[in-house]
Amino acid sequence: MSDLPAAATWGRLQTFLAVYEGGSIRAAAESLHVTPPAVSAAISALESALGTALFSKSGRGIVATDAGETFAAYVRKLLGLLAEAAGAVHDADRGRLRIGAVATASEYVLPRLMASFADGHPQVELSLSVLPRDELFALARDHGVDVVLAGRPPRGSGLVTRARRANQLVLVGRPGRDDDPLTATWLLTGQGSGTRDTTLSLLTRLQAAPPLLTLGTSGAAVAAARQGLGLTLVHEEAVLGQLDAGELARYVVPGTPVDRPWHLCTTADPTAASRLFLRHVCDPDRVGTAAFHTRSRPQG
């Protein structure tokens, strides 16, 4: 253990995480653009310093040991904090801003906000991570992103909602359907999706048990609904054009439309660049009708 500070350089920690997430030395080497022997050497150095094995063989790949699983949780936080610190030492308009968003928000909400922010603050280094809700909040807890755009963060997450914007989930399907919406097939997004959880909660409240079909992404569910495979609950902003064009129609069951505002969240101590972005997106003079409204309250 005494050798850990010397051995556990940031590069070796990044290598460890690449192996952990990739499941093999070769996959990690490809993602890091280094040779497999270099990856193996970094892992061996870490294991030697820690005095324990971090991986064990499994078929053609490797899996983390119990110690490796524990170490991975710490490494994510360490690397996330390092990236956060690297951005925090610069002035807000010369810093780094890592945004995380769920897929629908990344397609229909963020582009206008990011484009106007980039125009006004061209020296801020922007990045975007698009993930399912549960993965996104986990990444934010580990300081892997600075600002999150998604639904309401879970209680106990330590994340703070800084601003909100109105948003509805509407039930849509092919025009002209005359069957009972509560007996028709309902099309679901994948595991970890907030829309999926909302859909299942709605059906439970209605004591309805229609056939369910999981299609993974919101776009796939909407495309299937347009072809008549069933109905799907979707963010209204994502289908306004298709509704106006008559390609989709709204259907109503009790409890719909569902009020699900967008939340812009940070940790309790946001970076200067994060605060600059929040001020920007809450200013209607800069972003017009896309503006968010300020709100600050810890979620649990």
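It should be noted that the structure appears before, not after, this text.
Residues numbered from 1 in each chain as written. Predicted model: local features only at pLDDT ≥ 70, side-chain atom pairs only at ≥ 80, totals over all residues. Heavy atoms only, no water.

Peer 1: Explanation requested: the nonpolar core in the structure shown.
Peer 2: Most often, soluble globular proteins keep nonpolar side chains buried together rather than apart. Counting 34 residues, the largest nonpolar core has Leu 97, Val 148, Leu 149, Leu 264, Phe 277 and Phe 292 as its most contacted members. Broken down by element, this core gets its largest block of residues, five residues, from helix α12 (residues 272-281). Once residues within four sequence positions are removed from consideration, Leu 149 is found in contact with Gly 100, Ala 101, Val 102, Ala 105, Val 109, Leu 110, Leu 136, Trp 262, His 263, Leu 264 and Phe 292. Among the nonpolar cores identified, the runner-up in size contains 19 residues, and Ala 18, Ala 29, Val 39 and Phe 71 belong to it. (Core = buried A, V, L, I, M, F, W, Y, C linked by side-chain atoms within 4.5 Å. Buried < 20%, exposed > 50% of the residue type's maximum accessible area, 1.4 Å probe, protein only. Helix = DSSP H or I, 4+ residues; strand = E, 2+ residues; numbered from the N terminus. Contact = heavy atoms within 4.5 Å.)

Peer 1: What is the right way to read the side chain of Thr 15 from this model?
Peer 2: With respect to the helices, strands and loops of the structure, Thr 15 is situated in helix α2 (residues 10-22). In this structure, Thr 15 is in contact with Leu 32, Val 39, Ala 42 and Ile 43, ignoring residues within four places of it in sequence.

Peer 1: Hey, could you run me through the layout of surface pockets in this one?
Peer 2: Any space left empty among the atoms is revealed by the rolling of a water-sized probe across them. Here the largest pocket defines a volume of roughly 830 Å³. Among the secondary structure elements, those contributing two or more residues to the lining of the largest pocket are α6 (103-108), α8 (133-141), α9 (194-205), α10 (218-226), β10 (232-235), α11 (236-244) and β13 (262-266). A total of six residues in the lining of the largest pocket trace back to one element, the largest contributor, which is α9. Along the lines of polarity and charge, the residues of the lining of the largest pocket split into 17 nonpolar, 18 polar and eight charged. There is about 380 Å³ of room inside the second largest pocket. Forming the walls of the second largest pocket are 17 residues, and the residues nearest its centre are Leu 17, Glu 21, Leu 79, Gly 80 and Leu 139. Looking at the lining of the second largest pocket, the elements that each hand over two or more residues are α2, α3 (25-32) and α5 (66-88). Broken down by element, the residue count for the lining of the second largest pocket peaks at five residues, all from α5. Here the residues of the lining of the second largest pocket sort into eight nonpolar, five polar and four charged. (1 Å grid on protein atoms, 1.4 Å probe; cavity = no way out; pocket = protein on both sides within 12 Å on 5 of 7 lines; lining within 4 Å. Points joined across faces, edges and corners; volume = space filled by probe spheres on them. Nonpolar A, V, L, I, M, F, W, Y, C, P; charged D, E, K, R; others polar.)

Peer 1: What is the right way to read the pattern of salt bridges from this model?
Peer 2: Any two side chains of opposite charge can pair, given that their charged atoms come close. All chains considered together, the criterion is met by ten salt bridges. A salt bridge links Arg 98 to Asp 146, with the nearest nitrogen and oxygen atoms 2.8 Å apart. Residue Arg 98 is found in strand β3 (residues 96-101), and its partner Asp 146 is found in the loop between α8 and β5 (147-150); the two are separated by 48 residues along the sequence. Shared partners join several salt bridges into a network, and the residues in it are Arg 133, Asp 134 and Asp 197. (Salt bridge = Lys/Arg side-chain N within 4 Å of Asp/Glu carboxyl O.)

Peer 1: Just checking my understanding: could you explain the environment of Arg 279 for this structure?
Peer 2: Relative to the helices and strands, Arg 279 resides in helix α12. Taking the relative accessible area as the measure of exposure, Arg 279 reaches 51% and is therefore exposed. Spatially, the C-alpha atom of Arg 279 lies 17 Å from that of Glu 125, the residues being 154 residues apart in sequence.

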